[in-house]
Amino acid sequence: MPKMIFLNLPVADLDRAVAFYEALGAEKNEQFTDHTAACMVLSDVIHVMLLTHDKFRQFTPKAIADAKATSEVLICISADSREAVDETLAKAAAAGGTADPGPKQDYGFMYGRSFEDPDGHIWEVMWMDVEAAKNAAGEMAMA
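Below you will find a few notes about this structure. Model, not experiment: these values are computed from the prediction. (Residues numbered from 1 in each chain as written. Predicted model: local features only at pLDDT ≥ 70, side-chain atom pairs only at ≥ 80, totals over all residues. Heavy atoms only, no water.)

## Considerations on the overall build of the protein
Thought 1: Looking only at helices and strands, one finds 4 helices and 9 strands in the protein.
Thought 2: Reading the protein from its N terminus to its C terminus gives the helix and strand order β-α-β-β-β-α-β-α-β-β-β-β-α.
Thought 3: Overall size of the protein, expressed as C-alpha extent along the three principal axes, is 55 × 35 × 30 Å.
Thought 4: Within the protein, the fraction of its 143 residues that count as buried is 36%.
Thought 5: A separation threshold of at least 6 residues defines the contact pool for the protein, and within that pool the share at least 24 residues apart is 53%.
Thought 6: When the accessible surface of the protein is summed, it comes to about 8800 Å², and 54% of that surface belongs to carbon and sulfur atoms.
Thought 7: In the protein, the 12 positive side-chain charges and the 23 negative ones have mean positions that sit 4 Å from each other. (Helix = DSSP H or I, 4+ residues; strand = E, 2+ residues; numbered from the N terminus. Buried < 20%, exposed > 50% of the residue type's maximum accessible area, 1.4 Å probe, protein only. Contact = heavy atoms within 4.5 Å. Areas by Shrake-Rupley, 256 points an atom, 1.4 Å probe, with all protein chains shown as cover. Lys, Arg positive; Asp, Glu negative; His and termini not counted. Charge placed at Lys NZ, Arg CZ, Asp CG, Glu CD.)

Right, dumping it as structure tokens:
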């Protein structure tokens, strides 16, 4: 069985956060959703737990970072193509996110952009041609 990841994110407005992630294509798992949390399924192995601040505080004694003012983490998810990267960014912007809070990355064999969700969490969306990346790394090692 492959390892799964459950990413826990504090959100100021649970309904707004759910709508945002649904607009990106995530599906809500009702089994793990209530008025304090929502489980958003991105893939078979990636789940985003959206937690109200009160719920999030039950798991840590640390203060909740204001992700709009400070960097807490950069989350990166793969895409199947360059076009899929751009499509995800368009969906994020249309759903109330901010497109490209960081610079675009275009290395030919690798292409990435980022978006910020309504709570300030930054997601990178990255496509990579693995064979071309291997060749580029090999050429750099020989130089």
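## A look at the environment of K62
Thought 1: Turning to its location among the elements, K62 is positioned in the loop between α2 (53–57) and β5 (74–78).
Thought 2: Judged by its relative accessible area of 65%, K62 is exposed.
Thought 3: Separated by 33 residues in the primary sequence, K62 and N29 place their C-alpha atoms 28 Å from one another.

## Looking at the pattern of salt bridges
Thought 1: What the rule picks out here adds up to 6 salt bridges.
Thought 2: Across the pair D54 and R57 runs a salt bridge whose closest N-O atoms are separated by 3.2 Å. On the criterion of helical spacing, the pair formed by D54 and R57 is a turn pair, its members being 3 residues apart in helix α2.
Thought 3: With a relative accessible area of 58%, D54 lands in the exposed category.
Thought 4: The partner of R113 in a salt bridge is D86, with the nearest N and O atoms 2.8 Å apart. One end of the pair, R113, is in strand β8 (residues 110–116); the other, D86, is in helix α3 (residues 82–94), with 27 residues separating them in the sequence.
Thought 5: The exposure class assigned to R113 is buried, which follows from its relative accessible area of 13%.
Thought 6: Through salt bridges that share partners, D86, D100 and R113 make up one connected network. (Salt bridge = Lys/Arg side-chain N within 4 Å of Asp/Glu carboxyl O.)

## Observations concerning unusual backbone geometry
Thought 1: Its identity as a non-glycine residue notwithstanding, D100 has a phi of 55 degrees, on the positive side.
Thought 2: Relative to the helices and strands, D100 resides in the loop between β6 (98–99) and β7 (105–106).
Thought 3: Relative accessible area serves as the criterion here: at 24%, D100 is assigned to the partly exposed category.

## With respect to the pairing of β8
Thought 1: Burial within β8 is extensive, with 7 of its 7 residues counted as buried.
Thought 2: Bridge count between β7 and β8: 2 bridges; the pairing is antiparallel. Across the sheet, residue D106 finds its bridge partner in β8, namely Y111.
Thought 3: The turn joining β7 and β8, which pair antiparallel and follow one another in sequence, is formed by 3 residues; a positive phi near 85 degrees is taken by G108.
Thought 4: In the sheet, β8 pairs with strand β9 (residues 122–128) via 7 bridges, with the strands oriented antiparallel. Across the sheet, the residue bridging to G112 is M126, located in β9.
Thought 5: Here β8 hands over to β9 after 5 residues, with G120 in that stretch at a positive phi of 95 degrees. (Pairing = 2+ DSSP bridges.)

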